[in-house]
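Residues per chain, in single letters:
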Amino acid sequence: MNGIEKLIQQIDADAKTEIDAIQAQAQAEAAELTAQYAQQAEREKQEILARGRKAAAEREERLVGVAQLEARKQLLEVKQEMLEKAFEQALQDLLNLPEKDYVELLSKLIAQAAQSGREEVIFSQKDRPRYGKAAVTQANERLGEKGHLTLSAQTRPIQGGFILSDGEVEVNGTFDTLVRLQRRELDGPVGKVLFQDQA
């Protein structure tokens, strides 16, 4: 029995050695796989973080761009509003000129606009009795021999200025029209003066 016991012990020892070797190999492989998966997980985590940072930076850039665009749009609206007010003020300044200056300006503009010198000059209901006769008289003086303008009996619903009528042809010399025409030419220069401190 001694030989059988020794053989069994030897088989047990060999099996235990083989089991220990298999377990050691399995643990080593498991540790290696764990390390590989940990590295892969870390790489994927870093890639996800990098994509997230990039997406956040792109979103921030887009939001900043939209905010800057909106700010420029609002600034442009304010500038347009200020230009509008400047030209409205110019119209009001024309309408509120002292009588002498108002008549002088009307006569000068009428003389410049007259084609034949025989037109009828139409004013607003407010301006006709106050300035009409004097403005037409001064315009005729400016035109000299060509000056045969007449003060029309009719009036028009205009703020200030005049309309020259020669039959079917009319020349619009109303102040709001003159300011509007000048605005096309002056928007740029007036804007530069109003906003010279801004970039």
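Procedures and definitions
Residues numbered from 1 in each chain as written. Predicted model: local features only at pLDDT ≥ 70, side-chain atom pairs only at ≥ 80, totals over all residues. Heavy atoms only, no water. UniProt positions renumbered as here; feature names shortened; annotations may be inferred. Helix = DSSP H or I, 4+ residues; strand = E, 2+ residues; numbered from the N terminus. Rg over C-alpha atoms; globule rule 2.2 N^0.38 Å. Buried < 20%, exposed > 50% of the residue type's maximum accessible area, 1.4 Å probe, protein only. Contact = heavy atoms within 4.5 Å. Areas by Shrake-Rupley, 256 points an atom, 1.4 Å probe, with all protein chains shown as cover. Lys, Arg positive; Asp, Glu negative; His and termini not counted. Charge placed at Lys NZ, Arg CZ, Asp CG, Glu CD. Expected span 1.5 Å × (residues − 1). Axes fitted to C-alpha atoms, helices over the stretch in contact; angles between N-to-C directions. Parallel < 35°, antiparallel > 145°, perpendicular 65-115°, else oblique. Left-handed = near helix turned anticlockwise from the far one by under 90°. Nonpolar A, V, L, I, M, F, W, Y, C, P; charged D, E, K, R; others polar. Core = buried A, V, L, I, M, F, W, Y, C linked by side-chain atoms within 4.5 Å. pLDDT = per-residue confidence, 0-100. Pairing = 2+ DSSP bridges.

As recorded in an unreviewed UniProt entry, the protein chain goes by V-type proton ATPase subunit E and comes from Candidatus Flavonifractor intestinipullorum. You can read under Function (unreviewed entry) in the UniProt record for the protein chain the words "Produces ATP from ADP in the presence of a proton gradient across the membrane." The protein chain has a UniProt comment under Sequence similarities (unreviewed entry) that states "Belongs to the V-ATPase E subunit family."

A. Quick peek at the overall build of the protein chain. A count of helices and strands for the protein chain gives four helices and four strands. In the protein chain, the succession of α and β elements from N to C terminus is α-α-β-α-β-β-β-α. For the protein chain, whose C-alpha radius of gyration is 47 Å, the value lies well above the compact-globule estimate of 16 Å for 199 residues. Across its three principal axes, the protein chain shows a C-alpha extent of roughly 155 × 35 × 25 Å. Across the 199 residues that make up the protein chain, the buried fraction comes to 23%. Across the protein chain, the fraction of contacts at a sequence separation of at least 24, relative to all contacts at a separation of at least 6, is 76%. In the structure as shown, the protein chain presents an accessible area of about 14,600 Å², 54% of it carried by carbon and sulfur atoms. Charge centroids of the protein chain, computed over 27 positive and 34 negative side chains, lie 8 Å from each other.

B. Helix 2 (residues 99–113), seen in detail. Counted at 1.5 Å a residue, the expected span for helix 2 with its 15 residues is 21 Å, and the 21 Å between its end C-alpha atoms agrees. Those residues of helix 2 that sit buried are Tyr102, Val103, Leu106, Ser107, Leu109, Ile110, Ala111 and Ala113.

C. Broad picture of the packing of helix 2 against helix 3 (residues 127–143). Two numbers describe how helix 2 lies on helix 3: the axes approach to 8 Å, and their chain directions differ by 50°. Relative to helix 3, helix 2 is oriented oblique. Between helix 2 and helix 3 the crossing geometry is right-handed. Residue-level contacts link Glu99, Tyr102, Val103, Glu104, Leu106, Ser107, Lys108, Ile110 and Ala111 of helix 2 to Asp127, Arg130, Tyr131, Ala134, Ala135, Gln138, Ala139, Arg142 and Leu143 of helix 3. The class makeup of the residues in the contact of helix 2 with helix 3 is 10 nonpolar, two polar and six charged.

D. Spotlight on the nonpolar core. Formed by 24 residues in total, the largest nonpolar core has its most connected members in Leu106, Ile110, Val121, Phe123, Leu149 and Phe162. In terms of residue count, helix 2 provides more of this core than any other element does, seven residues in total.

E. A look at the confidence of the model for the protein chain. Looking at the protein chain as a whole, its pLDDT mean stands at 85, while 94% of the residues score no less than 70. Predicted confidence in the protein chain is weakest over helix 4 (residues 175–194), with a mean pLDDT of 77, and strongest over strand 1 (residues 120–124), with 94.

F. Representation of the UniProt feature "coiled-coil region" (unreviewed entry) in the protein chain. According to UniProt, the "coiled-coil region" (unreviewed entry) feature falls on residues 23–86. Note that residues 23–86 is 100% helix and 0% strand, and that its end C-alpha atoms are spaced 92 Å apart.

G. Representation of the environment of Glu47 within the structure. Relative to the assigned elements, Glu47 resides in helix 1 (residues 2–95). Considering only alpha carbons, one finds Glu47 and Gln74, 27 residues apart in sequence, at a separation of 40 Å.

H. Up close: helix 1. Its 94 residues place the ends of helix 1 136 Å apart at the C-alpha level, agreeing with the 140 Å of an ideal helix rising 1.5 Å per residue. Those residues of helix 1 that sit buried are Lys79, Leu83, Phe87, Leu91 and Leu95.

I. Local environment of the pairing of strand 3 (residues 161–166). Most of strand 3 sits inside the fold, with five of its six residues counted as buried. Strand direction decides the pairing type here: strand 1 and strand 3, joined by three bridges, are antiparallel. Residue pairing across strands places Val121 opposite Leu164, the latter belonging to strand 3. Relative to strand 4 (residues 169–174), strand 3 runs antiparallel, the two sharing six bridges. By the bridge assignment for strand 4, Ile163 is matched with Asn172. In this antiparallel pair of consecutive strands, strand 3 and strand 4, the connection spans two residues, and Gly167 shows a positive phi of 70°.

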